[in-house]
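Structural description and commentary
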Amino acid sequence: MAGLAIETEGLVKVYGDTRAVDGIDLAIPRGGVHGFLGPNGAGKTTAIRMLATLILPDAGRARVLDHDVVREADAVRSLMSLTGQFASVDEDLTGRENLRLIARLYGYRGAAATRRADQLLEAFGLADAADRQVKKYSGGMRRRIDIAASLVVSPELLFLDEPTTGLDPRARNEVWDIIRALVNHGTTVMLTTQYLDEADQLADRISVIDRGRIIAEGTSSELKASVGSGTLHVRVMRRDDRDAARAILTRELGVGFDTTHDPQALVAGLDDRSGVTRALTALEDARIDLAQFALGQPTLDEVFLSLTGHAAEPGDEGEAAA
Amino acid sequence: MTAQASRQQEESAPRVEAIAAALVGGSRPSRPSPLSSSISFGWRALLKIKHVPEQLADVTLFPVIMTLLFTFLFGGAIAGSVDSYIAYIAPGVLVQSVLFITMYSASTLRTDIDRGVFDRFRSLPIWRPSPLIGMLLGDAVRYSLGAAVTAAVCLLIGWRPEGGFLGVLAGVGVVLTFAFGLGWLWLFFGLILRTPGSVTAVSTIVLMPVLFGSNIFVDPSTMPGWLQGWVEINPVSDLVTTTRAFMNGTPVGPELGVTLAWSAGLVAVFGSLTMWRYRNPR
């Protein structure tokens, strides 16, 4: 029986004074999607680059598909593919030329390389754009040619580094469909993302990473359960009422409510939902008009906030390419 | 409206079943040889020339300007007339043009790395130096073109090489060999320097004293002693002497061996440094 897809022990990468990856232990089984979730600069890309044999770890060890990433790097390379955060195809070349190049590098010859390229272009909806330079592609098409380039030879493990960053919703859904198709085929996908809903949608298991360390691991439901059974979102009509509402809710429910950047909103995680109806009545009795009173599963945003103490706000800049 | 419709058509959606079929169809051929993968990368470099022909401006216009400028600027002053100077300077200008062009390999590599396409190449199970060797192979085409343009301009303004066609060809061969060695120095710079701008700046600083502190333009016997010492150890002087001998049909001296040794040394030293750095950049 084949071992784990990815196994690391105390993986470390240091850049100057920054411990970009600061001791990561992973044990990721084969099959399905494993999400690597964290804000910009958390160390996701650096970790992926070590696993994909692009940079050497400063300490610790890592095995990918039963091969050591340092001593057996070539074996790792022949089993996995990487779709980087930035275009990992040649933008000066056409889509077909890019795929033919990769096909030739995998050992396809002449006509076979062209056939393989055309098959992938067709499957990825790029046949009409095959003879255009990739730099003239839209963001979504570029992502697709990138992923197609990773599938010239079916990999056992595919690293996808922020595959939907900067894509519009339609293109994002297309990428998600592609990822699901890969998983159905049996490919293991390791996905980094700073989008919580993406991890929620796709990943079977999620590692939350912050400042180079794994701070939580589990299924999306497990992570959500770790912050309580539900979250109460309350939004008052008049911001002057917020403090009064906060006092009433705290009294009735026995939990502390957090304020957010929205001056009318209050939010709290609940372990016990039993007092919620009473709390609502109490607010009504105090004549506090409500815009929203919603009890729901916590979002991964809230999970992240409770785990790290800071929000997972995606910034505009990409994570350092290092 | 029409534009939008055509955009819609071009961006046809990916087909999940077809992707699944393509995954099954991706059976693995046997791994290509080091030569084959290097040639594939050379093919990539040629495709880039096809798509971005502007990048040939440096190998076509630049040698023309160099040749005309230096021949007419120095010709009269140094040898009394252009005609008597051309046999001396033509091989030198050819060396200068080609070596100047080699410098661009560094910024090409830097741009590749910045764009992320090198991560793809480095993650492939291929012979490790092949992307770099392929890049230099593609550059060899550019160098050859630069050499051909320079030779053509020199012929136009009156150069009649005594060594004949074969002599010129042999001279160009030596220049290309040395250029291949020098290419590894630029690739190393391309890996260790962070921006294409700094790559060009540093390369220029390195190249200038080597090119101008040589016997390309003038006989070193007119120079002060310290400069003669520099010209003497400068490998470009050996290269120019060899090229001149081949092209002018005079006996080729020990400088040929020195030039080839330098070329091999550059590959050994900077090839190793480059591959060491390539394995773990930054």
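Residues numbered from 1 in each chain as written. Chains lettered and ligands numbered in written order. Predicted model: local features only at pLDDT ≥ 70, side-chain atom pairs only at ≥ 80, totals over all residues. Heavy atoms only, no water.

Regarding the pattern of salt bridges
Within this structure, the stated rule accounts for 35 salt bridges over all chains. In this structure, Asp146 of chain A engages Arg143 of chain A in a salt bridge whose closest nitrogen and oxygen atoms are separated by 2.7 Å. With a gap of three residues between them, Asp146 of chain A and Arg143 of chain A both fall in helix 5 (residues 139–150), about one helical turn apart. The exposure classification of Asp146 of chain A matches that of Arg143 of chain A, with both residues buried. Counted as one network, the salt bridges with shared partners bring together Asp90, Asp92 and Lys135 of chain A together with Arg44, Lys48, Asp112 and Arg115 of chain B. (Salt bridge = Lys/Arg side-chain N within 4 Å of Asp/Glu carboxyl O. Helix = DSSP H or I, 4+ residues; strand = E, 2+ residues; numbered from the N terminus. Buried < 20%, exposed > 50% of the residue type's maximum accessible area, 1.4 Å probe, protein only.)

A short note on the domain arrangement of chain A
Quoted interface sizes are often the accessible area lost when the parts come together. Residues and elements named next belong to chain A. Under the domain assignment, chain A is made up of domain 1 (6–218) and domain 2 (225–308). At the interface, twelve residues of domain 1 touch five residues of domain 2. Between domain 1 and domain 2 lies a buried interface of about 630 Å² when both sides are counted; carbon and sulfur atoms form 85% of it. Inspection of the domain 1/domain 2 interface yields zero salt bridges. Put simply, domain 1 and domain 2 have zero residue pairs in polar contact (both at pLDDT 80 or more) between them. Residues that form the side of domain 1 that touches domain 2 fall into these classes: nine nonpolar, one polar and two charged. (Domains from an automatic or database assignment. Contact = heavy atoms within 4.5 Å. Buried area = accessible area lost by both parts, 1.4 Å probe. Polar contact = N/O pair within 3.5 Å; in protein donor to acceptor, adjacent residues only side chain to side chain. Nonpolar A, V, L, I, M, F, W, Y, C, P; charged D, E, K, R; others polar.)

Focus: the interface of chain B and chain A
Each partner contributes residues to the interface: chain B has 49 residues there, and chain A has 61 residues. Summing both sides of the interface, chain B and chain A together bury roughly 5,100 Å²; the carbon and sulfur share of this comes to 54%. Linking chain B to chain A there are eight salt bridges. With its nearest N and O atoms 2.5 Å apart, the salt bridge here joins Arg49 of chain A to Asp119 of chain B. Put simply, chain B and chain A have 19 residue pairs in polar contact (both at pLDDT 80 or more) between them.

Points about the packing of helix 5 (residues 82–102) of chain B against helix 6 (residues 104–115) of chain B
Residue and element names in this part refer to chain B. Across the interface, helix 5 lies against helix 6 with an axial gap of 5 Å and an inter-helix angle of 15°. Comparing their axes, helix 6 and helix 5 come out roughly parallel. For the pair formed by helix 5 and helix 6, the contact residues are Phe100, Ile101 and Thr102 on the first element and Tyr104, Ser105 and Ala106 on the second. Tallied by class, the residues present in the contact of helix 5 with helix 6 amount to four nonpolar, two polar and no charged. (Axes fitted to C-alpha atoms, helices over the stretch in contact; angles between N-to-C directions. Parallel < 35°, antiparallel > 145°, perpendicular 65-115°, else oblique.)

Remarks on empty space enclosed by the protein
Residues and elements named next belong to chain A. Applying the stated rule across the entire model yields one cavity of 30 Å³ or more. Its volume calculated, the largest cavity comes out at about 40 Å³. For the lining of the largest cavity, the secondary-structure elements that each account for two or more residues are strand 6 (80–83) and helix 5. (1 Å grid on protein atoms, 1.4 Å probe; cavity = no way out; pocket = protein on both sides within 12 Å on 5 of 7 lines; lining within 4 Å. Points joined across faces, edges and corners; volume = space filled by probe spheres on them.)

Details of the sheet that holds strand 13 (residues 265–270) of chain A
Residue and element names in this part refer to chain A. Strands sit in the order 12-13-11-14 across an open sheet of four strands; the sheet is antiparallel. Of all strands in the sheet, those with a lone pairing partner are strand 12 (258–259) and strand 14 (290–296), marking the two edges. Relative to strand 13, strand 11 (residues 230–236) runs antiparallel, the two sharing six bridges. Its bridge partner lying in strand 13, Gly230 is registered against Leu270. In the packing of helix 10 (residues 276–285) onto the sheet, contacts are made with strand 13 and strand 14, and the angle to strand 14 comes to roughly 175°. (Pairing = 2+ DSSP bridges.)

Section: unusual backbone geometry
Residues and elements named next belong to chain A. The backbone phi angle of Glu162 is positive, close to 45°, even though this residue is not glycine. By the secondary structure assignment, Glu162 is in the loop between strand 7 (157–161) and helix 6 (169–185). Among the residues examined, Glu162 registers a relative accessible area of 2% and is labelled buried. The phi angle at Arg211 is positive, at roughly 50°, despite the residue not being glycine. Along the chain, Arg211 falls in the loop between strand 9 (205–210) and strand 10 (213–218).

Re the pairing of strand 13 of chain A
Residues and elements named next belong to chain A. Of all six residues in strand 13, five are buried; the element is thus mostly enclosed. As defined by bridge partners, strand 12 adjoins strand 13 across two bridges and the pair is classed as antiparallel. Following the sheet pairing, Asp258 is matched in strand 13 by Val267. Taking the residues that link successive antiparallel strands as the turn, the strand 12-strand 13 hairpin has five residues.

Re the UniProt feature "transmembrane region" (unreviewed entry) in chain B
Sequence positions flagged by UniProt for "transmembrane region" (unreviewed entry) are, in local numbering, residues 56–79, 85–106, 140–159, 165–187, 199–218 and 256–276 of chain B. Spanning residues 256–276 of chain B, this segment combines 100% helix with 0% strand, and its end C-alpha atoms are found 30 Å apart. (UniProt positions renumbered as here; feature names shortened; annotations may be inferred.)

Remarks on the environment of Leu307 of chain A
Residue and element names in this part refer to chain A. Within the secondary structure, Leu307 sits in helix 11 (residues 300–308). Owing to a relative accessible area of 31%, Leu307 belongs among the partly exposed residues under this scheme. When neighbours within four sequence positions are excluded, Leu307 is seen to be in contact with Val208, Ile215 and Ala216.

Here's the deal with a nonpolar patch on the surface
Taken together, the side chains of Leu61, Ile65, Leu69 and Leu73 of chain B make up a nonpolar region of the molecular surface, amounting to roughly 410 Å² of accessible area. Among the structural elements, Ile65 of chain B can be located in helix 4 (residues 57–79). (Patch = residues over 30% accessible without salt bridge, like charges linked within 9 Å, V, L, I, M, F, W, Y side chains within 5 Å. Areas by Shrake-Rupley, 256 points an atom, 1.4 Å probe, with all protein chains shown as cover.)

What to know about the side chain of Arg128 of chain B
For Arg128 of chain B, the location among the structural elements is in the loop between helix 7 (117–122) and helix 8 (130–156). Within polar-contact distance, the side chain of Arg128 of chain B engages the backbone oxygen of Arg122 of chain B at 2.6 Å. Not counting residues within four places of it along the chain, the set of residues in contact with Arg128 of chain B comprises Arg77 of chain A together with Arg122, Met275, Tyr278 and Arg279 of chain B.

Some points on the packing of aromatic side chains
Residues and elements named next belong to chain B. Within this structure, the stated rule accounts for eleven aromatic pairs over all chains. Considering the side-chain rings of Phe62 and Phe100, the 4.8 Å spacing of their centres and the 40° angle between planes classify their relative orientation as tilted. You can see Phe62 sitting in helix 4 and its partner Phe100 sitting in helix 5, a full 38 residues away along the chain. With 4.4 Å between their ring centres and 25° between their planes, Phe70 and Phe217 make a pair best called stacked. Here the residue Phe70 occupies a position in helix 4, and Phe217 occupies one in the loop between helix 10 (196–212) and helix 11 (225–233), the gap between them amounting to 147 residues. (Phe/Tyr/Trp six-rings, centres within 6.5 Å; stacked < 30°, edge-to-face > 60°.)

Quick notes on the packing of helix 3 (residues 95–105) of chain A against helix 5 of chain A
All names here are of chain A. For the pair helix 3 and helix 5, the least separation of the axes is 9 Å and the interaxial angle reads 20°. In terms of their interaxial angle, helix 3 and helix 5 are classed as roughly parallel. The hand of the helix 3/helix 5 crossing is right-handed. Residue-level inspection shows Gly95, Leu99 and Ile102 of helix 3 in contact with helix 5, the latter providing Ile145, Ala148 and Ala149. Class assignment of the residues belonging to the contact of helix 3 with helix 5 gives a composition of five nonpolar, one polar and no charged. (Left-handed = near helix turned anticlockwise from the far one by under 90°.)

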